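Now for the letters of each chain:
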Amino acid sequence: METSSQQFASDNYAGICPEAWAALESARHGHAPAYGDDPWTARASDLLREIFETDCEVFFTFNGTAANSLALASLCQSYHSILCSQVAHVETDECGAPEFFSNGTKILLLPTDGGKIRAGSIGETVSRRQDLHFPKPRAISLTQATETGTIYQPAELGTIAEAARRYGLSVHMDGARFANAAASLGRAPREFTWEAGVDVLCFGGTKMGLPVGEAVVFFRKALAAEFAYRCKQAGQLASKMRFLAAPWVGMLENGAWLRHAAHANAMAERLFQGLSTLPAIRVVYPRQANSVFLDLSPDVATALRGLGWRFYNFIGDSGCRFMCAWDTEPATVDRLLADFHRVTAAAPPASSH
Ligand SMILES: *Cc1c(COP(=O)(O)O)cnc(C)c1O
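Residues numbered from 1 in each chain as written. Predicted model: local features only at pLDDT ≥ 70, side-chain atom pairs only at ≥ 80, totals over all residues. Heavy atoms only, no water.

## What about the nonpolar core?
- Ranked by size, the top nonpolar core spans 58 residues in total, and within it Ile122, Ile140, Phe203 and Trp257 carry the most contacts.
- Top contributing element to this core by residue count: helix 10 (residues 242-253), with 6 residues.
- Looking at which domains feed residues into this core, each of domain 1 (18-252) and domain 2 (256-344) gives three or more.
- Apart from the residues within four sequence positions on either side, Ile122 is in contact with Leu83, Leu110, Ile117, Ile140, Ile160, Ala163, Tyr167 and Leu169.
- In terms of nonpolar packing, the next biggest core, distinct from the first, is built from 23 residues, Ala301, Trp309, Phe311 and Phe340 among them. (Core = buried A, V, L, I, M, F, W, Y, C linked by side-chain atoms within 4.5 Å. Buried < 20%, exposed > 50% of the residue type's maximum accessible area, 1.4 Å probe, protein only. Helix = DSSP H or I, 4+ residues; strand = E, 2+ residues; numbered from the N terminus. Domains from an automatic or database assignment. Contact = heavy atoms within 4.5 Å.)

This is the structure:
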């Protein structure tokens, strides 16, 4: 079966990167203990401990929804609440899984600023109600890079985590695009995780070029108690775990995760720069990771789709997301730009509708 040409709909449209594929191939032969007692799982966990420069607890799940919701469930009781942004994946795209796996923990929404939580809004929300009748805030969940393609600086994370501590909240980071954030920040990963106050990170593997799989990394190890049972009960304990873990080894061993993420970010920058010569197209959020968000008129969006391009309507009716992946080619970006020029030459500017 033929796969079709490159698209900008999502980074999970992309295939498997060579390093992950080679590691999977070399794990293919012979027998190995099941359920995570294999050398690949041990090696992948050790590599994560090296990258974060700390003795963290590591688990592998099949997808991000499971990683996030099981991690959050391990932070909360059913009568607690989780604070997150209005556009957080855990709120808008997980079908209530965080609430389900925590047996009813309520999600409370914080006002957001370009997809980011403001530290000040934490105190405001926690202080609004402190009586027995309201679900007690116990965790904060933030996304790095955010759903709108922006990035928290280490200092911003520190301020948020400080507010979280003040109110007795644990800090969860949804890192579905953690690699893109890491490549963009260019700092040691510890600086924007545990040193900044993050207790548990869901490190996305799928979108950075793995076939499947996410890592749940507990920096505060006490929170990982009995987490293996949660994974098993939720159907997230892989029996042939080595095939979930091996691609991580290939990806982490020689820094491929950062190289591929940096490439995806650079392709988004190429798109952003190319669009800057088109006054009819308004960029909605700062370009910081591997996406560009645009406010497109229905005419322009329809014309682009008519030319075969796929992209998501993301924020409201006119907000469109263009996402780059580890394998996005410069020539694909340039073809999209050429089509942008074509369709906007025929359409009125963004300000007129
Ligand atoms: C893709 C994504 C996830 C994980 O989604 P799954 O489809 O469950 O793997 C989690 N958070 C964010 C912000 C994402 O973009």
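## Points about the pairing of strand 6 (residues 136-143)
- Of all 8 residues in strand 6, 6 are buried; the element is thus mostly enclosed.
- Where strand 2 (residues 80-85) lies against strand 6, 4 bridges are found, and the strand directions are parallel. Paired with Leu83 across the strands is Ile140, a residue of strand 6.
- Sheet analysis places strand 6 next to strand 7 (residues 170-175), joined by 5 bridges and oriented parallel. In the strand pairing of strand 7, Leu142 is matched with Met173. (Pairing = 2+ DSSP bridges.)

## Things to note about the sheet that holds strand 8 (residues 200-204)
- Pairing within the open sheet is mixed, and its 7 strands lie in the order 1-9-8-7-6-2-3. Either end of the sheet is taken by a strand with one partner, and the two such strands are strand 1 (57-61) and strand 3 (106-110). Shown here is a sheet whose adjacent strand axes are inclined to one another by a mean of 25°, direction ignored.
- Of the strand pairs in this sheet, strand 1 and strand 9 (residues 214-218) are connected by 5 bridges, and their pairing is antiparallel. (Axes fitted to C-alpha atoms, helices over the stretch in contact; angles between N-to-C directions.)

## Focus: the domain arrangement of the chain
- Splitting the chain by domain gives domain 1 (18-252) and domain 2 (256-344).
- The centre of domain 1, based on its C-alpha atoms, is set 27 Å off from the matching centre of domain 2.
- Contacts between the two partners involve 25 residues from domain 1, matched on the other side by 21 residues from domain 2.
- Buried surface at the junction of domain 1 and domain 2, both sides included, amounts to about 1800 Å², of which 64% is carbon and sulfur.
- Sorting the residues of domain 1 by area buried against domain 2 places Thr148, Arg177 and Asn180 first, and these three jointly supply 26% of that buried surface.
- Summed over the shared surface of domain 1 and domain 2, the result is 1 salt bridge.
- Ionic pairing is found between Glu19 and Arg259, a salt bridge with its closest N-O pair at 3.9 Å.
- In this assembly, domain 1 and domain 2 are joined by 7 residue pairs in polar contact (both at pLDDT 80 or more).
- Listing elements by their share of the side of domain 1 that touches domain 2, those giving two or more residues are helix 1 (18-27), helix 8 (178-185) and helix 10. (Buried area = accessible area lost by both parts, 1.4 Å probe. Salt bridge = Lys/Arg side-chain N within 4 Å of Asp/Glu carboxyl O. Polar contact = N/O pair within 3.5 Å; in protein donor to acceptor, adjacent residues only side chain to side chain.)

## Some words on the pattern of salt bridges
- Across all of its chains, the model carries 18 salt bridges by this definition.
- Among the ionic pairs, Asp46 bridges to Arg49, the shortest N-O distance being 3.1 Å. In this pair, Asp46 and Arg49 are both assigned in helix 2 (residues 39-52), 3 residues apart and thus about one turn of the helix distant.
- The exposure class of Arg49 is partly exposed, given its relative accessible area of 24%.

## Some words on the site of the ligand
- By nearness alone, every residue bordering the ligand is listed as Asn63, Gly64, Thr65, Asn68, His89, Glu94, Thr143, Glu147, Asp174, Ala176, Arg177 and Lys207.
- The separation between an oxygen atom of the ligand and a polar side-chain atom of Lys207 is 2.6 Å.
- Relative to its unbound accessible area of 390 Å², the ligand is 82% covered by the protein chains.
- The class makeup of the residues in the shell around the ligand is 1 nonpolar, 6 polar and 5 charged. (Near = heavy atom within 4 Å. Areas by Shrake-Rupley, 256 points an atom, 1.4 Å probe, with all protein chains shown as cover. Nonpolar A, V, L, I, M, F, W, Y, C, P; charged D, E, K, R; others polar.)

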